[in-house]
Amino acid sequence: MNTTTKYAATALAAALGVTVLAGCGDSDDKASGGSGAGSKTVTLVSHDSFNASDAVLKAFTKETGYTVKVLKSGDAGAALNQEILTKGSPRGDVFFGADNTLLSRALDNGLFTPYAAKGLDRVAADTQLDAEKHRVTPVDTGDICVNYDKKYFADKKLDPPNSFDDLLKPAYKNLLVTENAATSSPGLGFLLGTVATHGENGYQDYWKKLKNNGVKVVEGWEQAYNEEFSGSAGGKKAKADRPLVVSYASSPPVEVLYADPQPTEAPTGVATGTCFRQIEFAGLLDGAKNEAGGKALLDFLISKRFQEDMPLNMFVNPVVKDAKLPELFTKFGATVDKPATVAPDDIAENREQWVRSWSSLVVK
Amino acid sequence: MAVPAVFFALFFAYPVVAIVGRGLKADGAWQFGRVGEVLSRPDILDVLRFTTWQALASTALTLLIALPGAYVFARFDFPGKQLLRAVVTVPFVLPTVVVGTAFLALLGRGGFLDELWGIRLDTTVWAILLAHVFFNYAVVVRTVGGLWSQLDPRQEEAARVLGAGRLAAWRRVTLPALAPAVAAAALMVFLFTFTSFGIVQILGGPAYSTLEVEIYRQTAQLLDLPTAAVLTLVQFAAVGGVLALHAWTVRRRETVLKLVDPATTARPPRGAGQRALLGGVLLTVLLLILLPLGVLVERSLDTSGGYGLGFYRALQSAEASGSTFLVPPLDAIGNSLRYALVATLIALVIGGLAAAALTRRAGRLVRGFDALLMLPLGVSAVTVGFGFLITLDEPPLDLRTSWILVPLAQALVGVPFVVRTMLPVLRAVDERLREAAAVLGASPLRARREVDLPLVRRALLVAAGFAFAVSLGEFGATVFIARPDNPTLPVAVARLLGRSGELNYGQAMALSTLLMLVCAVSLLVLERIRTDRSGEF
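Because the structure is a prediction, the values reported are computed rather than measured.

**With respect to the overall build of chain B**
In terms of helices and strands, chain B carries 24 helices and 6 strands. Across the 537 residues of chain B, 61% fall into the buried class. For chain B, the accessible surface area stands at approximately 20300 Å², while carbon and sulfur atoms represent 65% of it.

**A look at the overall build of chain A**
A count of helical and extended segments in chain A gives 13 helices and 10 strands. Among the 364 residues that make up chain A, the fraction classed as buried is 59%. Contacts in chain A between residues at least 24 apart in sequence constitute 75% of all its contacts with a sequence separation of at least 6. In the form shown here, chain A has an accessible surface area of approximately 14400 Å², with 52% of it arising from carbon and sulfur atoms.

**Thoughts on the nonpolar core**
Formed by 165 residues in total, the largest nonpolar core has its most connected members in Phe7, Leu203 and Phe388 of chain B. Per-element accounting of this core gives the leading share, 16 residues, to helix H7 (residues 125–148) of chain B.

**A word on the side chain of Thr195 of chain B**
Among the secondary structure elements, Thr195 of chain B is positioned in the loop between helix H9 (166–194) and helix H10 (198–203). Setting aside its immediate chain neighbours within four residues, Thr195 of chain B contacts Glu212, Gln235, Leu377 and Gly378 of chain B.

**Let's talk about a nonpolar patch on the surface**
Residues and elements named next belong to chain B. A contiguous nonpolar patch, built from Leu283, Leu286, Leu287 and Leu290 and spanning about 320 Å² of accessible area, is present on the exposed surface. Note on placement: Leu287 falls in helix H14 (residues 271–301). By relative accessible area, which is 40% here, Leu287 ends up partly exposed.

**Focus on the packing of aromatic side chains**
Residues and elements named next belong to chain A. Within this structure, the stated rule accounts for 28 aromatic pairs over all chains. Put simply, the rings of Phe164, Phe190, Tyr206, Trp207 and Trp358 touch in pairs and so form one group of aromatic residues. Above the face of the Tyr66 ring, Lys40 is positioned so that its terminal group lies 4.8 Å from the ring centre.

**A closer look at the state of the cysteines**
Residue and element names in this part refer to chain A. In total, this model carries 1 disulfide over all chains according to the counting rule given. The residue that forms a disulfide with Cys145 is Cys275, at a sulfur-sulfur distance of 2.0 Å. On the sign convention where negative means left-handed, the S-S torsion of about 115° between Cys145 and Cys275 marks this disulfide as right-handed. Of this pair, Cys145 sits in strand E5 (residues 137–149) while Cys275 sits in strand E9 (residues 268–285), placing them 130 residues apart in sequence.

**So, the pairing of strand E1 (residues 41–46) of chain A**
Residue and element names in this part refer to chain A. Counting buried residues in E1 gives 6 out of 6 residues, a clear majority hidden from the surface. The alternating pattern of E1 places Thr41, Thr43 and Val45 on one face and Val42, Leu44 and Ser46 on the opposite face, and all of these are buried. Here E1 pairs with strand E2 (residues 67–72) via 6 bridges, running parallel. The residue of E2 that forms the bridge with Thr43 is Lys69. With helix H2 (residues 54–64) bridging E1 and the parallel E2, this β-α-β connection has right-handed handedness. Sheet topology places E1 next to strand E3 (residues 94–99); 2 bridges connect them, and they run parallel. Residue pairing in the sheet places Leu44 in a bridge with Val94 of E3.

**Remarks on empty space enclosed by the protein**
Residues and elements named next belong to chain B. Evaluated as defined, the whole model comprises 11 cavities of 30 Å³ or more. Roughly 320 Å³ of volume is contained in the largest cavity. Those elements giving two or more residues to the lining of the largest cavity turn out to be H7, H9, helix H19 (405–428) and helix H21 (444–473). Partitioning the lining of the largest cavity into residue classes produces 13 nonpolar, 5 polar and 5 charged.

**As for helix H11 (residues 211–221) of chain B**
Most of H11 of chain B sits out of view: 11 of its 11 residues are buried. Of the residues making up H11 of chain B, those classed as buried are Leu211, Glu212, Val213, Glu214, Ile215, Tyr216, Arg217, Gln218, Thr219, Ala220 and Gln221 of chain B.

**Observations concerning the pattern of salt bridges**
Within this structure, the stated rule accounts for 19 salt bridges over all chains. The salt bridge partner of Asp54 of chain A is Lys58 of chain A, with a shortest N-O separation of 3.9 Å. Here Lys58 of chain A and Asp54 of chain A lie together in helix H2, a separation of 4 residues that amounts to about one turn. Put simply, Arg217 of chain B and Glu219 of chain A hold a salt bridge, and the shortest N to O gap is 3.0 Å. On the criterion of chain membership, the pair formed by Arg217 of chain B in helix H11 and Glu219 of chain A in the loop between strand E7 (216–218) and helix H7 (221–228) is interchain, its members lying in two chains. Like Glu219 of chain A, Arg217 of chain B is buried. One network of salt bridges, in which partners are shared, links Glu219 of chain A together with Glu214 and Arg217 of chain B.

**Overview of the pairing of strand E8 (residues 244–248) of chain A**
Residue and element names in this part refer to chain A. A large share of E8 lies buried, amounting to 4 of its 5 residues. By the bridge criterion, 5 bridges tie E5 to E8 in an arrangement that is antiparallel. Bridged to Cys145 within E8 is Ser247. Judged from the 2 bridges that link them, strand E6 (residues 176–179) and E8 form a sheet pairing that is parallel. Bridged to Leu176 within E8 is Leu244.

**Observations regarding the packing of helix H3 (residues 42–75) of chain B against H7 of chain B**
How two helices pack is summed up by the angle between their axes together with the distance between the axes. Residue and element names in this part refer to chain B. Orientation of H3 relative to H7, taken along the N-to-C sense of each, is 45°, at an axis distance of 6 Å. If you check the angle between H3 and H7, you find them oblique. When the axes of H3 and H7 are compared, the crossing they make is right-handed. When its residues are assigned to classes, the contact of H3 with H7 shows 23 nonpolar, 7 polar and 1 charged.

**A word on unusual backbone geometry**
All names here are of chain A. In this structure, His134 is a non-glycine residue whose phi angle is positive, near 55°. Phi at Phe315 takes a positive value of approximately 55°, unusual for a residue other than glycine. By the element assignment, Phe315 lies in the loop between helix H11 (304–314) and strand E10 (317–318). Judged by relative accessible area, which is 7%, Phe315 ranks as buried.

**Looking at the confidence of the model for chain A**
Predicted confidence across chain A gives a mean pLDDT of 86, with 90% of residues reaching 70 or more. Note on residues 1–36 of chain A: pLDDT under 50 across the span, and 37 contacts to partners over four residues away in sequence or across chains.

**Notes on H14 of chain B**
Where H14 of chain B bends most, at Leu290 of chain B, the angle is about 40°, and the proline Pro292 of chain B comes one to four residues later. Residues of H14 of chain B that are buried include every one of Leu278, Val281, Val285, Leu288, Ile289, Pro292, Leu293, Val295, Leu296, Arg299 and Ser300 of chain B, and no others.

**Side note on the confidence of the model for chain B**
All names here are of chain B. In the predicted model, chain B carries a mean pLDDT of 80, and the fraction of residues at 70 or more is 88%. Here helix H22 (residues 478–481) stands out as the least confident element of chain B, with mean pLDDT 68; H3 is the most confident, with 93. Contacts from residues 531–537, a stretch scored under 50 in pLDDT, to residues over four places away or in other chains number 8 contacts.

**Points about the environment of Val140 of chain B**
Residues and elements named next belong to chain B. Tracing the backbone through its elements, the reader meets Val140 in helix H7. Here the alpha-carbon distance between Val140 and Met188, two residues 48 residues apart in the chain, equals 8.7 Å. Ignoring sequence-local partners within four residues, the contact set of Val140 consists of Thr62, Leu63, Ala66, Leu67, Ala70, Gly145, Ala185 and Val189.

**Re the packing of H7 of chain B against H9 of chain B**
Residues and elements named next belong to chain B. Interaxial distance between H7 and H9 falls to 9 Å at its minimum, and their mutual angle equals 145°. Crossing geometry of H7 relative to H9 is assigned as right-handed. Contact residues: H7 offers His132, Asn136, Val139, Val140, Thr143, Val144, Leu147 and Trp148, while H9 offers Trp170, Thr174, Ala177, Leu178, Ala181, Val182, Ala184, Ala185, Met188, Val189, Phe192 and Thr193. Along the lines of polarity and charge, the residues of the contact of H7 with H9 split into 15 nonpolar, 5 polar and no charged.

What counts and how
- One numbering rule holds for all chains: residues counted from 1, following each sequence as written.
- Chain A is the first chain written and ligand 1 is the first ligand written, with later ones labelled in order.
- Only residues with pLDDT of at least 70 get local features here, since the model is predicted, and only at 80 or more are side-chain atom pairs given and counted; chain-wide, interface and lining totals rely on the full set of residues.
- For the side-chain quantities, the full set of heavy atoms in the structure was used; hydrogens and water were omitted.
- In DSSP terms, a helix is any run of H or I states spanning at least four residues, a strand is any run of E spanning at least two, and both are numbered starting from the N terminus.
- Under the scheme applied here, a residue whose accessible area is under 20% of the maximum for its type counts as buried, over 50% as exposed, and between as partly exposed, the area being computed with a 1.4 Å probe on protein chains only.
- Working definition of accessibility: Shrake-Rupley area with a 1.4 Å probe, residue cover restricted to the visible protein chains.
- Any two residues whose heavy atoms approach within 4.5 Å at even a single point are treated as in contact.
- Put simply, a nonpolar core is a bunch of buried Ala, Val, Leu, Ile, Met, Phe, Trp, Tyr and Cys residues held in one set by side-chain atoms that sit within 4.5 Å of each other.
- Like charges are joined within 9 Å and nonpolar side chains (Val, Leu, Ile, Met, Phe, Trp, Tyr) within 5 Å, but only among residues with over 30% relative accessible area and no salt bridge; these make up the patches.
- Here a salt bridge means any side-chain nitrogen of Lys or Arg lying within 4 Å of a carboxyl oxygen belonging to Asp or Glu.
- Each Phe, Tyr or Trp ring, with Trp reduced to its six-membered ring, pairs with another whose centre is within 6.5 Å; inter-plane angles below 30 degrees give stacked pairs, above 60 give edge-to-face pairs, and intermediate values give tilted ones.
- Remark: a charge is flagged as sitting over a ring if the NZ atom of Lys or the CZ atom of Arg is within 6 Å of the ring centre and within 35 degrees of the ring normal.
- In what follows, a disulfide is any cysteine sulfur pair within 2.5 Å.
- Pairing between two strands is assigned when DSSP locates at least 2 bridges connecting them.
- Whether a crossover is right-handed comes down to one check: with the strands pointing away from the viewer, does the path from the first strand over the helix to the second run clockwise; if it does, it is right-handed.
- Grid points spaced at 1 Å and placed over the protein atoms alone form the basis of the search, with a cavity being a set where a 1.4 Å probe fits but cannot get out and a pocket an open set showing protein on both sides within 12 Å along at least five of seven lines. Lining residues have an atom within 4 Å of a point.
- Grid points are joined across faces, edges and corners, and a volume is the space filled by probe spheres set on the points.
- Residue type decides the class: Asp, Glu, Lys and Arg count as charged, Ala, Val, Leu, Ile, Met, Phe, Trp, Tyr, Cys and Pro as nonpolar, and the leftover types, Gly among them, as polar.
- Only the stretch in contact is used when a helix axis is fitted, and all axes are lines through C-alpha atoms; the angle between N-to-C directions ranges over 0 to 180 degrees.
- For classification purposes, angles smaller than 35 degrees are called roughly parallel, those larger than 145 roughly antiparallel, those between 65 and 115 roughly perpendicular, and all remaining angles oblique.
- The hand of a helix crossing depends on one turn: near helix anticlockwise from the far one by less than a right angle means left-handed, and clockwise means right-handed.
- A residue's pLDDT is the confidence the predictor assigns to it, expressed on a 0 to 100 scale.
- Fitting one axis to the seven residues ending at a residue and another to the seven starting there, the bend at that residue is the angle between the two axes.

Here's what the structure looks like:
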């Protein structure tokens with residue numbers, strides 16, 4: 001065989017080898033840890049923000065014998081849409097991360113098999129949005145609120161805003177940055193908050209005024225928070241000039257936790273009158289290969305142990321009444337007493353329409 | 001040709017057709033009426049107009065700024081040239097999230113221009129255009145400059161001896177030889193900017209949207225598959241049209257070139273004019289490329305306790321990142337390198353075989369295949385990613401949870417680079433050299449090995465470098481299919497940026513800086529290998 005033929009042959013072999021290897025790798029997966037019937041692995045599909053401490057996952061394995069494998073795929077919306085596209089032959093057993101703004105999309109597509117998780121009686125009633133059918137189990141809540149840069153308002157001797165209406169005042173002109181409601185979940189949450197407080201007829205008027213008061217809209221949370229908001233660590237480096245940003249009620253504790261050295265006071269605060277409550281759900285995927293494991297995992301997600309581990313890993317609040325919040329949250333976090341909410345059916349019916357008119361009103 | 005054809009059918013055509021089919025089929029019947037519906041929407045028309053306009057403007061601006069650079073890199077010798085050539089390629093592989101950050105810092109409030117002249121470009125379309133130049137500068141420098149450095153300057157000198165003016169000599173001798181490379185580069189830049197995603201999304205904000213961004217929004221966010229499918233088809237048609245045009249121009253202008261060792265064509269600049277040109281190019285590179293990259297480095301060192309390596313130290317442990325990852329973020333470097341190596345290997349094999357087949361044969365079918373190989377560059381990553389998910393889910397190709405998915409998706413983007421880099425050189429090999437070898441008794445295959453291989457080895461290495469670099473930086477498709485226990489560098493950066501807090505932000509900057517360094521070092525190593533072997537020419 002001359003050299004050129006050899007090159008070609010080797011190349012071909014390499015190409016085929018890679019494909020075969022891939023096949024092997026995959027079947028190995030199945031044999032050793034895939035979610036087959038009676039398998040000892042249970043697969044959790046979620047978005048990029050999912051986190052649990054190692055110790056807690058090990059405790060689950062010790063209790064039940066199942067090992068958790070986590071598949072994260074993009075942001076919350078994208079992760080959910082991937083599940084809808086692969087419906088019936090899911091990549092995992094349990095999906096975590098459908099929130100109340102997108103819940104209808106998951107349920108309408110029949111993504112989940114009903115299962116009433118053990119311990120539901122300890123879960124706050126107002127989070128159980130599918131209480132009759134139990135297709136999904138609430139796991140956490142989080143509040144989308146306007147955050148403010150404490151230093152800016154102290155320097156200007158100005159009170160930070162505290163309600164949606166405050167944001168329209170001339171004193172706060174050109175100070176607020178928010179996210180694209182069409183593509184970003186805090187952006188959508190903030191829009192829904194204005195719908196809740198100003199009504200389906202009044203929210204457009206509200207946004208017209210907000211636009212006149214100089215609200216800036218950027219594409220995503222990363223940019224709004226790290227590049228435009230003067231109160232965050234990233235924003236300080238970027239010499240950002242907007243002291244108000246749409247973020248989460250748990251953002252100030254995070255600023256404290258990930259600062260070195262840790263300050264005694266959070267550099268940012270929360271305008272608690274501007275909050276929209278997000279509830280995140282998990283459910284057993286239709287077609288799950290390891291149904292028993294999936295059910296055990298759902299029970300575990302609302303166990304006290306997991307719920308108390310959650311805040312410092314995902315910066316959300318537990319839904320279980322007897323779960324204690326970590327000191328970081330009680331010390332630096334904000335308590336939101338009356339978050340804005342919109343009925344899930346209402347969201348399901350109007351979400352697209354609201355977003356569309358918001359886009360043409362504010363963005364174009 | 002069989003291997004690349006099967007590869008593309010399986011890992012490109014099938015997934016893309018499947019996802020488009022999801023959007024356009026209802027109850028088993030194709031709904032082509034949806035095309036008209038979507039295309040008559042004013043918001044969609046706006047997107048189409050903006051996409052085309054900004055791509056044309058970006059391409060023109062990139063050529064304007066980068067062609068002098070291509071000349072300087074090809075013809076001049078100056079200290080630090082290799083390093084600089086590696087550095088200008090780095091932007092090409094950086095995740096757009098990071099580049100957006102750097103550009104906002106440069107062009108935004110308190111940025112360089114703002115402090116100097118009070119100019120802010122962060123809300124204008126200029127930010128998008130300049131970022132596109134930043135990204136694609138290397139495409140022109142490498143594609144055009146690579147060929148330019150191998151053109152024998154004596155041909156132009158001969159023309160001048162025969163009485164042609166400097167400009168005429170250049171226009172008659174060098175320009176025709178260079179034209180295919182310029183066309184190829186312009187086409188690449190047009191393709192990249194036409195399908196631009198991250199840059200437009202970040203710097204354009206919600207107001208500006210390209211087709212690619214719109215496809216992403218419709219698919220990933222709104223799950224409006226019909227609209228996404230129509231837009232995918234439109235993008236397909238547009239990209240196909242551009243590719244056909246390109247194939248036509250290249251065929252018309254293709255000439256047999258006498259290639260020489262680049263080492264013999266470059267010399268130190270002489271005279272004030274040449275020095276000024278070199279200075280101008282260096283200044284452009286400094287302002288447009290080094291400055292944004294410098295901003296990233298500066299931010300990665302800027303800890304609250306003054307400048308230091310705190311963020312880099314934090315990358316070493318999983319705990320310091322607050323369990324954002326199950327593994328230390330530093331591991332992402334190893335993952336990225338492994339994936340990129342496999343992807344490069346696949347791309348070289350597939351692309352190399354395809355390029356060889358394309359030079360050997362002619363005809364309509366082959367030309368169609370040529371254009372087909374470029375299509376992955378014009379199809380949105382989200383379409384491919386979702387397509388993978390819904391098609392590769394059954395044995396024997398149940399790859400949805402396999403690691404190989406990532407290198408496969410990356411290779412898909414790498415192959416066109418390999419083909420594009422290899423083809424002009426392969427085609428430009430003087431047939432008479434082969435004939436001479438044959439006359440001297442070499443078999444056709446031996447002639448290929450002895451004649452072609454030494455001539456294309458350089459192109460092969462450049463191709464490998466490009467494939468490796470785009471694999472390292474690939475984000476769109478990877479983010480959909482990367483496994484959480486093995487995040488790649490860009491995915492890790494995006495995850496860190498998705499969290500508040502100084503440590504997360506600092507680590508994202510530190511990791512971006514490392515990604516930048518890994519790329520620069522890989523490319524630098526490549527430049528080395530290349531020069532060492534140039535003696536064989």
